[in-house]
Amino acid sequence: MTLLRRSILVLVLVCLGCSAQLAPVPSDLIQKIERQVRATYNVPAGVKITVGPPRPSDFANYDAVTITMEGDSKKQTYEFLLSKDGKTLARMSKLDLTKDPYAEAMKKIDLNGRPMRGNKDAKVVVVNFDDFECPFCSRMHQTLFPEILKEYGDRVEFVYKDYPLTEIHPWATHAAVDANCLAAQNNDAYWDFADRIHANQREVNSEKGRDAQFAALDRLALEQGQKHSLDQSKLQACVKAQNDDAIKASMHEAEGVGVSATPTLFVNGQEMDGALPISEMRAALDRALQQAGVPAPSRSTPSAPSESQPPAK
């Protein structure tokens, strides 16, 4: 009797497994899917598209299929819904409302030890992934400081992280290392250096040759060290060593939250790309303050709108 029961149980399990298996997508339908996906998403010819086997979905009359796009050593997968009659392909995103995407982004950004401006106890934090050689970063920096800082400094904390675009900005990493050498001793020295570089990128760019540009950066960093009475021997040793481990860690962290260009800002976790006009920056800060239960600063007359600039890539 026990043997009979086991045999029946095995048979039931096998049948259940059979019922979960779906017929593969026909080759002619795969071709239709590929053509539609290429046309809709403008997929380059060199990218290979693969349609996975169908599987049960949570939606009536639709099966789930995974479409893989592969090319240039990169591979990405996307989930689609395929109607059982093979006439409709749909892309739907399932959003988890139990998690706050902004809070999840902020959890991935390490602010420990970073120099800050504004209110260190603020409920709204602006993180800017910055590149000292990026012209759009310079415009964003000059929008944030001093005007935005003057308006929101008692309500908002501003923090910079490093994301030098090394392929197109040859002295950006060197500048970031020098800035961090200053930050290791003095918060204000870091910001004075950042203000100086972002306002005078041409001063460095005008130097002839990479070594001359590096020397100009080091000279400006040491000037800030003298201005703020820092330990000169310690600062000089740090500048000379050019240890970029912290810069690489910041870049890795940035990529983990989707940063691919500069400037990229996170306002309490909300990502904002490019050199934003001051009106858009104010709107984002006001919304974040409202959500945090903090009143926005009052303004009697609005400033003239300025053009938005795309992020550097």
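Everything below is about the structure printed above this text.
What comes next concerns the included structure. (Residues numbered from 1 in each chain as written. Predicted model: local features only at pLDDT ≥ 70, side-chain atom pairs only at ≥ 80, totals over all residues. Heavy atoms only, no water.)

**Details of the environment of Asp131**
And then number 1: In this fold, Asp131 is placed in the loop between β7 (124-130) and α4 (135-152).
And then number 2: Distance from Asp131 to Ala176, taken between C-alpha atoms, is 7.8 Å for residues 45 residues apart in sequence.
And then number 3: Non-local contacts of Asp131, meaning those with residues more than four positions away in its chain, are made with Cys137, Tyr163, Pro164, Leu165, His169, Ala172, His198 and Thr262.
And then number 4: One polar contact links the side chain of Asp131 to the main-chain amide nitrogen of Glu133, over a distance of 2.7 Å.
And then number 5: In terms of polar contacts, Asp131 uses its side chain to reach the backbone amide nitrogen of Cys134, at 3.1 Å. (Helix = DSSP H or I, 4+ residues; strand = E, 2+ residues; numbered from the N terminus. Contact = heavy atoms within 4.5 Å. Polar contact = N/O pair within 3.5 Å; in protein donor to acceptor, adjacent residues only side chain to side chain.)

**Remarks on the sheet that holds strand β10 (residues 270-273)**
And then number 1: Strand order in the open sheet made by the five strands is β6-β8-β7-β9-β10, with mixed pairing throughout. The open sheet has two edge strands with one neighbour each: β6 (116-118) and β10. With direction set aside, neighbouring strand axes in the sheet form an average angle of 20 degrees.
And then number 2: Each of β7 and β8 (156-162) touches helix α10 (residues 245-256); the most contacted strand, β8, lies at about 110 degrees to it. (Pairing = 2+ DSSP bridges. Axes fitted to C-alpha atoms, helices over the stretch in contact; angles between N-to-C directions.)

**Here's the deal with the state of the cysteines**
And then number 1: This model, assessed by the stated rule, comprises one disulfide.
And then number 2: The disulfide bridge from Cys181 ends at Cys238, spanning 2.0 Å between sulfur atoms. On the S-S bond that ties Cys181 to Cys238, the torsion sits near -80 degrees, and the link is left-handed. Taken together, the residues span a long stretch of sequence, with Cys181 in helix α5 (residues 172-183) and Cys238 in helix α9 (residues 232-241) at a distance of 57 residues. (Disulfide = S-S within 2.5 Å.)

**Side note on the pairing of strand β9 (residues 264-267)**
And then number 1: Along β9, one buried face is formed by Thr264 and Phe266 and the opposite face, lined by Leu265 and Val267, is buried too.
And then number 2: Between β9 and the antiparallel strand that follows it, β10, lie two residues; Asn268 among them carries a positive phi value of about 50 degrees. (Buried < 20%, exposed > 50% of the residue type's maximum accessible area, 1.4 Å probe, protein only.)

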